[in-house]
Every structure is written in structure tokens, then in C-alpha cells.
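One-letter residues, chain by chain:
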Amino acid sequence: MGKPDEIIELELNGVKIIAQQLNLPGYTAFRVSFDSPRPSIVVARANDFNAARFWTSIPEGRQKEAEGVGALIEKYIKSKK
């Protein structure tokens, strides 16, 4: 993915999203902040029991947001390669 501590700025539906990659050995994770009242979230890549990769929130509970924001981050990074 990106570099540790890299900051990515994205926009979705008029909401600015700022994602900063975290330096967590063995994980791809980002702290994500919004310019709306929505609280920040940490999203991380994980593997399910079939070894399929997916985005999840830390702590759990905001899965839908994690999947959406994670997909945006992944698309951004792939576009930069």
C-alpha cells in the first residue's frame, strides 16, 4: 500500500476524508478523519477464514464505513502506481 505516516485526502459525497497510514507491523491500517460531525475511525485490512481480504474497523462496529472508506483508499493508492 502506501508509506507509513502518508496522508491521503479524498472526497466522497461532499465530505472530505483524511486518511493517515499507521505504522503497525504486519497490518495495513489507516486512521480516517472526516470534515463532518462523524467521529474518526481506524480501518485495517484483514483476512477472513477463507483467506479473502477485507477492510474492517477497529474497534469493530463500523464495518460498512470501513468497507467503503477502505475501498476508496485502495482505489486511490492503485491509481498512484
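Shown above is the structure to which this text applies.
Small disclaimer: the values here were computed from a predicted structure and weren't measured.

**Q** Looking at this structure, I do not really get the layout of surface pockets. What am I missing?
**A** Empty space left among the atoms is revealed by rolling a probe the size of a water molecule over them. By volume, the largest pocket amounts to about 150 Å³. L12, N13, V15, I17, F34, R38, K64, E65, G68, V69 and L72 are the residues that line the largest pocket. Among the elements that take part in the lining of the largest pocket, helix 1 (residues 63-80) stands out by supplying five residues, more than any other. Here the lining of the largest pocket is composed, by residue class, of six nonpolar, two polar and three charged.

**Q** Could you clarify how one ought to interpret the sheet that holds strand 3 (residues 29-34) in this entry?
**A** Within a sheet, neighbouring strands are paired by backbone hydrogen bonds and run either parallel or antiparallel to one another. Spatially, 1-2-3-4-5 is the arrangement adopted by the five strands of the open sheet, whose pairing is antiparallel. The open sheet has two free edges, formed respectively by strand 1 (7-12) and strand 5 (53-58), since each of these has just one partner strand. The sheet shows a mean angle of 30° between the axes of neighbouring strands, direction not considered. Relative to strand 3, strand 2 (residues 15-22) is paired through six bridges, and the arrangement is antiparallel. Looking at strand 3, one finds that L22 is bridged to A29. Along the sheet, helix 1 makes contact with strand 1, strand 2, strand 3, strand 4 (41-47) and strand 5, crossing strand 5 at roughly 125°.

Thresholds applied
Residues numbered from 1 in each chain as written. Predicted model: local features only at pLDDT ≥ 70, side-chain atom pairs only at ≥ 80, totals over all residues. Heavy atoms only, no water. 1 Å grid on protein atoms, 1.4 Å probe; cavity = no way out; pocket = protein on both sides within 12 Å on 5 of 7 lines; lining within 4 Å. Points joined across faces, edges and corners; volume = space filled by probe spheres on them. Helix = DSSP H or I, 4+ residues; strand = E, 2+ residues; numbered from the N terminus. Nonpolar A, V, L, I, M, F, W, Y, C, P; charged D, E, K, R; others polar. Pairing = 2+ DSSP bridges. Axes fitted to C-alpha atoms, helices over the stretch in contact; angles between N-to-C directions. Contact = heavy atoms within 4.5 Å.

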